[in-house]
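# Fold and geometry: a report
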Amino acid sequence: MGTPIPNRRIEAMSSGSSEVRPYKLTPEELAALPHTPPMKSKRKKQIGLGNRDYIPGQRQQGRKIKEEPMIKHSPVGKMVTLTAKQAKAIMFLLQPIEGGWKEDELIGEHSNAPNGWQDEATALNGMPLGDLINALYVGMDIKEE
């Protein structure tokens, strides 16, 4: 008959799969089958899930986390001198209330629209991005007006 060629129209016309019909071989049919020995496993080692240093029983104990040494980080940069309005705008935006931002979110927003600040944050319009980063991570010196 040959190999059937897939056809979307023919597939759409099909009524779906039929129900399962259980069938039990008769003793004569079982006797006609060739004798095959049961399969034996050749693999002696337990199969891991991609973890090469797997220790049996580790899953029950839980994985031990290696302690990493504390990295003493001193920020590289200089303190920035800001006006009181700029410092208040930064502190207003970082308030931990609903809608408050984290430092990296504030930097991302300022890099996208450096002159788009409104309301309480208008003092940040035109502020250089490097000064904002240094003010957040290194420190700020507020000058009196």
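All residue numbers refer to position in the chain's written sequence, counted from 1. Reporting of local features is limited, given that this is a predicted model, to residues whose pLDDT is at least 70; pairs of side-chain atoms are given and counted only at 80 or more, and all residues count toward the totals for whole chains, interfaces and linings. As a rule here, side-chain values come from all non-hydrogen atoms in the structure, and water together with hydrogens is ignored.

## Section: the overall build of the chain
Selection criterion: Helical segments are the DSSP runs of H or I of at least four residues, strand segments are the runs of E of at least two, and each set is numbered from the N terminus. Whether two residues are in contact is decided by their heavy atoms, any of which lying within 4.5 Å being enough. Only the protein chains shown count as cover for residues, with accessible areas throughout obtained via the Shrake-Rupley method and a probe of 1.4 Å.
Helix and strand content of the chain: six helices and two strands. Of the contacts formed within the chain by residues at least 6 apart in sequence, a portion of 64% connects residues at least 24 apart. Summed over all atoms, the accessible surface of the chain reaches about 13800 Å², with 56% contributed by carbon and sulfur.

## So, unusual backbone geometry
Heads up, the rule is: Only protein chains enter the calculation, and the probe is 1.4 Å; a residue is then buried if its accessible area is under 20% of its type maximum, exposed if over 50%, and partly exposed in between.
Non-glycine residue Asp119 carries a positive phi angle of around 55°. Tracing the backbone through its elements, the reader meets Asp119 in the loop between α5 (103-112) and α6 (129-137). Using a relative accessible area of 63% as the deciding quantity, one classes Asp119 as exposed.

## Some points on the side chain of His110
One can find His110 in helix α5. Judged by its relative accessible area of 1%, His110 falls in the buried class. Residue contacts for His110: discarding those within four places in its chain leaves Trp117, Leu124, Met127, Pro128, Leu129 and Leu132.

## Considerations on a nonpolar patch on the surface
As a reminder of what qualifies: Here a patch means residues that are over 30% exposed by relative accessible area and free of salt bridges, tied together within 9 Å if like-charged and within 5 Å if nonpolar (Val, Leu, Ile, Met, Phe, Trp, Tyr). Any carboxyl oxygen of Asp or Glu that lies within 4 Å of a side-chain nitrogen of Lys or Arg is treated as forming a salt bridge with it.
Taken together, Tyr23, Leu25, Leu30 and Leu33 make up a surface patch of nonpolar side chains, about 440 Å² in accessible area. Relative to the assigned elements, Tyr23 resides in the loop between α1 (8-13) and α2 (27-32).

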